[in-house]
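Remarks on the overall topology
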Amino acid sequence: MHLLAGATGGAVIFIMCVTGALLAFERQVIEYSERDARYVQIPNGSAPLDPQQVIEKLREVRPEAKPSAMSIANEPGAAWLFNLGREGQVYLDPYTGQITGEGNKSVRGLMTELRNWHRYVSLSGDGRPVGKAITGASNLLFLFLAISGIYIWMPRIWAWRSIKPVIWFRRGLKGKPRNFNWHNTIGFWTSLFLIVFTLTATVISYQWASNLLYTLSGNEVPAQAPRNNEPPAEKTFEYPTDIGPAWAVASGKAPGWKSISLRLPVEKNAAVFTIDEGIYWNIFGRSTLTTDAATGVETKWEPYGEQNTARQLRSWFRFTHTGETAGIIGQIIGLIACIGGAFLVWTGFSLALRRFGNWRQTRAAMAGAE
């Protein structure tokens, strides 16, 4: 079963491992590539522009822009970031409103292509659901391989002489003995992490797995919105005319906030803010505030800490899959596990091909003896 699962999903698993390794530090790579645009020198004696003034500055320099969100980090000299959808990103100086730079399209484009391979084996358009099904099934096979691999690895006799050859690399080996040693050693050190990464990916990939998480945590499964395959009607993009009062309420809601993002355009007079309050163990936990866009009066407050267990777990799962919940250490572990997974596929295929070759030779010898 282990051999069959590996032979069936090995190629896609290899792709997911390689792309996963290359995406391990995606956020840091993007931030580094845009470091000159993300922060500005704080001018002496100058006060930062208010959010509405920044919006007006964007309209002056990019009148055709239709941003999907505007956000800022609570750090000295941090620039405003406007997400422009397919047009990319643009940073604005918080003191002058001038553009400090744009999102690095080359780096972001590379990361997007890697994610497409990782999630959809590079299929697009109508083929994307097929690609998602392929990677989802391959991820389940990878989960089975990691679990069954631990069982197969177990030595029959728990003695150091039996364990030592399968927990560390041995020098001077070639061919099948080397691949066998590498397969066992890498599997021993990475299997538990690969189980975590594939389990979290299962919840991300499958609605039934996500629903199961709600059920197991004792929460009601949320109703699914009906699918609408019709293209959205074209609407006139409208900027808020005075977002200042609403933004003041959002920033006052969490005095130690780390970042605030506003969804654009503001529709039905409801300003929806996503706030990183900076108070939760989950560094990616976000709270949502909805206010009246005109008056700033709060209409709905959904702090991350009061979300049901399943919603919080889904947030943990999303960033545990990338290793980011454990910071740089977690990302390094994710990188090593992905590289290890690629080597497991390579050594596994090599061992399988040798076994298949030996099987053919045995069959041929038996036929000749007859």
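Relevant structure appears above.
This text gives an overview of the structure that appears in the document. Note that this is a predicted model, so its numbers are computed, not measured.

Analysis parameters
- In every chain, residue numbers begin from 1 and rise along the written sequence.
- With the structure being a predicted model, the display of local features is reserved for residues of pLDDT at least 70 and the display and counting of side-chain atom pairs for 80 or more, all residues being used for whole-chain, interface and lining totals.
- The basis for every side-chain value is the complete set of heavy atoms in the structure, and neither hydrogens nor water enter the calculation.
- The helix count covers DSSP runs of H or I at least four residues long, the strand count covers runs of E at least two residues long, and both are numbered beginning at the N terminus.
- Three labels apply to residues, based on accessible area from a 1.4 Å probe with only protein chains included: buried if under 20% of the type maximum, exposed if over 50%, partly exposed otherwise in between.
- Pairs of residues are marked as contacts when any of their non-hydrogen atoms sit within 4.5 Å.
- Every accessible area reported is derived by Shrake-Rupley at a probe size of 1.4 Å, with residue values counting cover from the shown protein chains alone.
- Note on charges: Lys and Arg go in the positive column, Asp and Glu in the negative column, and His and the chain ends are not counted at all.
- For this purpose, a charge sits on NZ of Lys, CZ of Arg, CG of Asp or CD of Glu.
- When DSSP finds two or more bridges between two strands, those strands count as paired.
- Every axis in this analysis is a line fitted to C-alpha atoms, fitted for helices over the stretch in contact. Angles between the N-to-C directions lie between 0 and 180 degrees.
- Pairing of aromatic rings covers Phe, Tyr and the six-membered ring of Trp, with a centre-to-centre limit of 6.5 Å; geometry is then stacked below 30 degrees between planes, edge-to-face above 60, and tilted otherwise.
- Ring-over charges, as used throughout, are those where CZ of Arg or NZ of Lys falls within 6 Å of the ring centre and within 35 degrees of the ring normal.
- For this quantity, the arc is that covered by the directions from the helix axis to the C-beta atoms.
- Take the buried residues of types Ala, Val, Leu, Ile, Met, Phe, Trp, Tyr and Cys, join any two whose side-chain atoms come within 4.5 Å, and each joined set is a nonpolar core.
- Here is the rule for angles: anything less than 35 degrees is roughly parallel, anything more than 145 is roughly antiparallel, 65 through 115 is roughly perpendicular, and the remaining ranges are oblique.
- Note that Gly is not counted as nonpolar here; it falls among the polar residues with everything else outside the nonpolar set of Ala, Val, Leu, Ile, Met, Phe, Trp, Tyr, Cys and Pro and the charged set of Asp, Glu, Lys and Arg.
- A side-chain nitrogen of Lys or Arg and a carboxyl oxygen of Asp or Glu constitute a salt bridge if their distance falls within 4 Å.

1. Regarding the overall build of the chain
Helix and strand counts for the chain come out as twelve helices and eight strands. The buried share among the 370 residues of the chain stands at 39%. For the chain, the proportion of contacts with a sequence separation of at least 24, taken over those separated by at least 6, is 59%. Accessible surface computed for the chain: about 22,100 Å², of which carbon and sulfur atoms make up 59%. Positive and negative charge centroids in the chain, built from 37 and 28 side chains respectively, lie 19 Å apart.

2. Observations regarding the sheet that holds strand 7 (residues 287–292)
With respect to topology, eight strands assemble into an open sheet ordered 4-3-2-1-5-6-7-8, the strand pairing being antiparallel. Unpaired on one side and paired on the other, strand 4 (99–102) and strand 8 (298–302) mark the two borders of the sheet. Going across the sheet, the axis of each strand differs from the next one's by a mean of 20 degrees, ignoring polarity. Where strand 1 (residues 69–73) meets strand 5 (residues 259–263), five bridges bridge the pair, whose relative direction is antiparallel. The residue bridging Ser-71 from the neighbouring strand is Ser-261, located in strand 5. Where helix 4 (residues 51–61) meets the sheet, it contacts strand 1, strand 2 (80–83), strand 3 (89–92) and strand 4, and its direction lies at approximately 55 degrees from that of strand 2.

3. Regarding the packing of aromatic side chains
A full pass over the atoms with the stated rule returns 16 aromatic pairs. Ring geometry for Phe-343 and Trp-346: centres 5.8 Å apart, planes at 70 degrees, overall edge-to-face. Within this pair, Phe-343 and its partner Trp-346 are both found in helix 12 (residues 327–369), separated by three residues, close to a single helical turn. Residue Phe-343 is classed as partly exposed on the basis of its relative accessible area, which comes to 34%. For Trp-346, a relative accessible area of 39% gives the class partly exposed. A connected cluster of aromatic rings, assembled from ring pairs, spans Trp-153, Trp-158, Trp-168, Phe-169, Trp-182, Phe-188, Trp-189, Phe-343 and Trp-346. The ring of Tyr-32 carries the charged tip of Arg-35 above its face, separated from the ring centre by 3.9 Å. One residue, Arg-178, lies across the ring of Trp-182, its end atom 5.4 Å from the ring centre.

4. Points about the side chain of Ser-138
Tracing the backbone shows Ser-138 in helix 6 (residues 128–153). Accessibility expressed as a relative area gives 5% for Ser-138, which makes it buried. Sequence-distant contacts of Ser-138, that is, excluding residues within four places in its chain, are made with Gly-9, Val-12, Ile-13 and Met-16.

5. Let's talk about the pairing of strand 8
Here four bridges tie strand 7 to strand 8, and the two strands are oriented antiparallel to one another. In the sheet register, Leu-289 faces strand 8, and the bridge partner there is Trp-301. Between the end of strand 7 and the start of strand 8, which pair antiparallel, lie five residues, with Gly-296 showing a positive phi angle near 85 degrees.

6. Quick notes on helix 9 (residues 207–216)
Listed as buried for helix 9 are Ala-209, Ser-210, Leu-213 and Tyr-214. Each buried residue of helix 9 lies within a common arc of 150 degrees when the element is viewed along its axis, so the set occupies one face. Packing partners of the buried residues in helix 9 comprise helix 8 (175–205) and helix 11 (309–320).

7. Overview of unusual backbone geometry
Backbone torsion omega between Leu-264 and Pro-265 reads -5 degrees, so that peptide bond is classified as cis. The backbone of Val-121 sits at a positive phi, close to 45 degrees, despite the residue not being glycine. Residue Val-121 is classed as buried on the basis of its relative accessible area, which comes to 16%. Although it is not a glycine, Lys-268 adopts a positive phi angle of roughly 55 degrees.

8. Section: the side chain of Gln-307
When you line up the elements, Gln-307 lands in the loop between strand 8 and helix 11. Apart from residues no more than four positions distant in its own chain, Gln-307 is found in contact with Arg-286, Glu-302 and Gln-312.

9. A look at the nonpolar core
Residues Met-70, Trp-80, Phe-82, Trp-247, Leu-262, Phe-273 and Ile-275 are the most contacted members of the largest nonpolar core, which totals 28 residues. Elements represented by at least two residues in this core include exactly helix 4, strand 1, strand 2, strand 3, helix 10 (244–253), strand 5 and strand 6 (270–276). Look past the residues within four positions of Ile-275 in its chain and what remains in contact with it is Ala-250, Ala-254, Trp-257, Ser-259, Ile-260, Arg-286, Ser-287, Leu-289 and Trp-301. Within the second largest apolar cluster, 18 residues are counted, among which are Phe-142, Ile-186, Leu-194 and Val-345.

10. Focus on the packing of helix 8 against helix 9
At a minimum axis separation of 5 Å, helix 8 and helix 9 run at an interaxial angle of 105 degrees. Taken together, helix 8 and helix 9 sit at an angle that is classed as roughly perpendicular. Counted together, Thr-202, Val-203 and Ser-205 of helix 8 and Gln-207, Trp-208, Ala-209, Ser-210 and Leu-213 of helix 9 form the full contact between these two elements. Looking at the contact of helix 8 with helix 9 residue by residue, the classes come out as four nonpolar, four polar and no charged.

11. Let's talk about the pattern of salt bridges
Two side chains of opposite charge can pair, provided their charged atoms sit close to one another. Counted by the stated rule, this structure contains eight salt bridges. Between Glu-324 and Arg-27 there is a salt bridge, with its nearest N and O atoms 2.9 Å apart. Here Arg-27 lies in helix 2 (residues 26–33) and Glu-324 lies in the loop between helix 11 and helix 12, a separation of 297 residues in the sequence. Owing to a relative accessible area of 9%, Glu-324 belongs among the buried residues under this scheme.

Read these as geometric descriptors, not functional statements.
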